[in-house]
Amino acid sequence: AQSVTQLDSQVPVFEEAPVELRCNYSSSVSVYLFWYVQYPNQGLQLLLKYLSGSTLVKGINGFEAEFNKSQTSFHLRKPSVHISDTAEYFCAVSDPFTGGGNKLTFGTGTQLKVEL
Amino acid sequence: KAGVTQTPRYLIKTRGQQVTLSCSPISGHRSVSWYQQTPGQGLQFLFEYFSETQRNKGNFPGRFSGRQFSNSRSEMNVSTLELGDSALYLCASSLVQDGTDTQYFGPGTRLTVL
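The notes below deal with the structure included here. (Residues numbered from 1 in each chain as written. Chains lettered and ligands numbered in written order. Predicted model: local features only at pLDDT ≥ 70, side-chain atom pairs only at ≥ 80, totals over all residues. Heavy atoms only, no water.)

1. Details of the overall build of chain B
Move 1: Tallying secondary structure elements over chain B gives zero helices and eleven strands in all.
Move 2: Along the chain direction, N to C, the helices and strands of chain B fall in the order β-β-β-β-β-β-β-β-β-β-β.
Move 3: The globule rule puts the C-alpha radius of gyration for 114 residues at 13 Å, and the 13 Å found for chain B is close to it.
Move 4: Seen through its principal axes, chain B has C-alpha atoms that stretch 35 × 25 × 25 Å.
Move 5: The buried share of chain B, reckoned over its 114 residues, is 51%.
Move 6: With the model as given, the accessible surface of chain B reaches about 5300 Å², and the carbon-plus-sulfur share is 48%.
Move 7: In chain B, 11 side chains carry a positive charge and 7 a negative one; their mean positions are 6 Å apart. (Helix = DSSP H or I, 4+ residues; strand = E, 2+ residues; numbered from the N terminus. Rg over C-alpha atoms; globule rule 2.2 N^0.38 Å. Buried < 20%, exposed > 50% of the residue type's maximum accessible area, 1.4 Å probe, protein only. Areas by Shrake-Rupley, 256 points an atom, 1.4 Å probe, with all protein chains shown as cover. Lys, Arg positive; Asp, Glu negative; His and termini not counted. Charge placed at Lys NZ, Arg CZ, Asp CG, Glu CD.)

Next comes the structure, spelled out in structure tokens:
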């Protein structure tokens, strides 16, 4: 079974500063990795995903993430955040190779708070 | 293209009652998954349907059930509601079931059990 760890429950950062949200996963098989964002009173929106290929993945709104197989990490980064990036961010993993289909296992989330 | 819609958006029930939530996927999508989101347990997978068949199931009691219709719309049912069932229930749809396609989430149904 897979598990996802998001070490930081809250990350405060000033506007225009860079940010990194950390995600580590555990799995004995190859997996797909995802980052989702959730704004208040809304559903989840996909930021980016890693299926295979280049380990640096670029997503929407200027976010990117790097897959590191040896460290089983998939950290999310943005070089300069905006006040509108304030939201909760979830890292997720799926294992379609063992029949998991579209089932996602989520981390506990990181609340990003961008301050002026 | 219209997004994933969920009805109702808010629901208040009392313990012991049952409830049915509905999810209409994006047109053409055949996979529908359901998740429960609570402050204590986070986001947990309930089940996934593809072409009217349940393909995956999470670790929830049998009180939680679902189905998918031929037009891909899906419903989930919770019987004998408990206080702990209070949560945001999210539905997601995608084209295929192999995990490669983006899953699009609806806004959720917020269920409060009194």
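Having seen the structure, we can now continue with the description.
2. A short note on the pairing of strand β5 (residues 42–50) of chain B
Residue and element names in this part refer to chain B.
Move 1: Across the nine residues of β5, eight count as buried, placing the element largely inside the fold.
Move 2: Across eight bridges, the pairing between strand β4 (residues 31–38) and β5 is antiparallel. Each bridged residue has a counterpart across the sheet, and for T38 the counterpart in β5 is G42.
Move 3: Two successive antiparallel strands, β4 and β5, enclose a turn made up of three residues. (Pairing = 2+ DSSP bridges.)

3. A look at the interface of chain B and chain A
Move 1: Counting residues at the interface gives 23 residues for chain B and 20 residues for chain A.
Move 2: Taken together, the two surfaces of chain B and chain A that pack against each other cover about 1700 Å², and 50% of this comes from carbon and sulfur.
Move 3: When the buried surface of chain B facing chain A is broken down by residue, L43, Q103 and F105 of chain B rank first, second and third, together holding 30% of it.
Move 4: Taken together, the connections running from chain B to chain A amount to zero salt bridges.
Move 5: Viewed at the interface, chain A and chain B are joined by nine residue pairs in polar contact (both at pLDDT 80 or more).
Move 6: When contributions to the side of chain B that touches chain A are tallied by element, the ones reaching two or more residues are β4, β5 and β9 (87–94) of chain B.
Move 7: For the side of chain B that touches chain A, the element with the highest residue contribution is β4 of chain B, accounting for four residues. (Contact = heavy atoms within 4.5 Å. Buried area = accessible area lost by both parts, 1.4 Å probe. Salt bridge = Lys/Arg side-chain N within 4 Å of Asp/Glu carboxyl O. Polar contact = N/O pair within 3.5 Å; in protein donor to acceptor, adjacent residues only side chain to side chain.)

4. Some points on the pattern of salt bridges
Residues and elements named next belong to chain A.
Move 1: Scanning all chains against the criterion turns up ten salt bridges over all chains.
Move 2: Its salt-bridge partner being E20, residue R77 comes within 3.8 Å of it at the nearest N-O pair. Of this pair, R77 sits in strand β9 (residues 73–78) while E20 sits in strand β3 (residues 19–21), and the two are 57 residues apart along the sequence.
Move 3: R77 gets classed as partly exposed once you look at its relative accessible area, which sits at 25%.
Move 4: Taking the relative accessible area as the measure of exposure, E20 reaches 37% and is therefore partly exposed.
Move 5: Two residues, K78 and D85, come together in a salt bridge whose shortest N-O distance is 2.8 Å.
Move 6: Relative accessible area serves as the criterion here: at 3%, D85 is assigned to the buried category.

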